[in-house]
Amino acid sequence: MYMKELRTMMMCLLCMAIATFALTSCLSDDDDDEVTAVLTPAEKTQQINAMEGFYNGHVYFDNDTTHAMDSVATTWYVTAADSVLSIPAFPVSCLANSVSHSTAKAVLKAAPDQHFNAVLHPFWNINKDGGYYTFMMVPKENSLSFQVELEGKTHQVMLNYATSMNAYNSYGQQVVVYTSGAFSQPKISAYLLVKDISIDYTAYTCNGIFLLGGTK
């Protein structure tokens, strides 16, 4: 069930965005022709090497005005030596769409881009519709701290990440989204989950689900 829910949610969000992967149908739960294989240590190394490189893509998120998928262009790179995915300028201002408090929203909208790092852990090969690989994307730190200047005042901001989060698929069913991703040369996609945001030491609920998708 874990694999079916993960794949369903991932493919549905991908289709709602720009169909970053044309791997499986968002409407199909038929796994008769799907073969899932856990990667060996050697295969994990091989997969990380294949993922290495620079990517151009977008961060996708739910727009709080239109309640549709919106996006911000960004770039990132994967280094095989340390299995790290780095986004030099992650657009944290898009997090304003995931908070309701007016002060928190204003501060986040004014936030400068931040450097984001995560470690990639390949774990499955999915032999379906051409085949692709899945991996976990674990932020190197549990949180990201930075400052925001707004109307002459300096605000202390901290983003707290989540490893999993409840969401709803296209059928209205509740599923669990993990900080996972999929790779099919030369395309990659992964989830970044932000549990809550602290601004000037006051916590605000976020529950932000962000999809990273792009191509080498």
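A brief report on the enclosed structure follows. What you are looking at is a predicted structure, and each value in this text was computed from that prediction instead of being measured.

Let us look at the side chain of T74. Position of T74 among the secondary structure elements: in strand β3 (residues 69-79). Among the polar contacts listed, one links the side chain of T74 to the backbone oxygen of A89, at a separation of 3.4 Å. Setting aside anything within four residues of it in sequence, one finds T74 in contact with Y55, N56, G57, H58, V59, I87, A89, P91 and L212.

Right, let's get into the nonpolar core. Nonpolar side chains in soluble globular proteins tend to end up buried together. Core analysis: the biggest nonpolar cluster contains 42 residues, and M51, L85, L95, M137, V157, L159 and I197 have the highest contact counts within it. Apart from the residues within four sequence positions on either side, M137 is in contact with L85, F116, A118, V119, L120, T179, S180, A190, Y191 and L192.

Turning next to helix α3 (residues 102-109). When we look at burial in α3, the residues that qualify are A104, K105, V107 and L108. Each buried residue of α3 sits inside an arc of 165° when the element is viewed along its axis, so together they form one side. Set apart from the buried face of α3 by more than 90 degrees, the exposed residues are S102 and K109. Packed against the buried residues of α3 are β7 (143-150), β8 (153-161), β12 (187-199) and β13 (202-215).

A complete count under the given rule lists five aromatic pairs for this structure. Seen from their ring centres, F61 and F210 are 6.5 Å apart, and the 50° between their planes marks the pair as tilted. Of the two residues, F61 sits in strand β2 (residues 53-62) while F210 sits in strand β13, which places them 149 residues apart along the sequence. Like F210, F61 is buried. On the numbers, 5.8 Å between centres and 70° between planes, the contact of F116 with Y161 is edge-to-face. Of the two residues, F116 is situated in strand β5 (residues 114-127) and Y161 in strand β8; the sequence distance between them amounts to 45 residues. Here the two residues F116 and Y161 agree in accessibility, since each one is buried. Through pairs of rings, three or more aromatic residues link up here, namely F90, F116 and Y161.

So, how was this worked out
Residues numbered from 1 in each chain as written. Predicted model: local features only at pLDDT ≥ 70, side-chain atom pairs only at ≥ 80, totals over all residues. Heavy atoms only, no water. Helix = DSSP H or I, 4+ residues; strand = E, 2+ residues; numbered from the N terminus. Polar contact = N/O pair within 3.5 Å; in protein donor to acceptor, adjacent residues only side chain to side chain. Contact = heavy atoms within 4.5 Å. Core = buried A, V, L, I, M, F, W, Y, C linked by side-chain atoms within 4.5 Å. Buried < 20%, exposed > 50% of the residue type's maximum accessible area, 1.4 Å probe, protein only. Arc of directions from axis to C-beta. Phe/Tyr/Trp six-rings, centres within 6.5 Å; stacked < 30°, edge-to-face > 60°.

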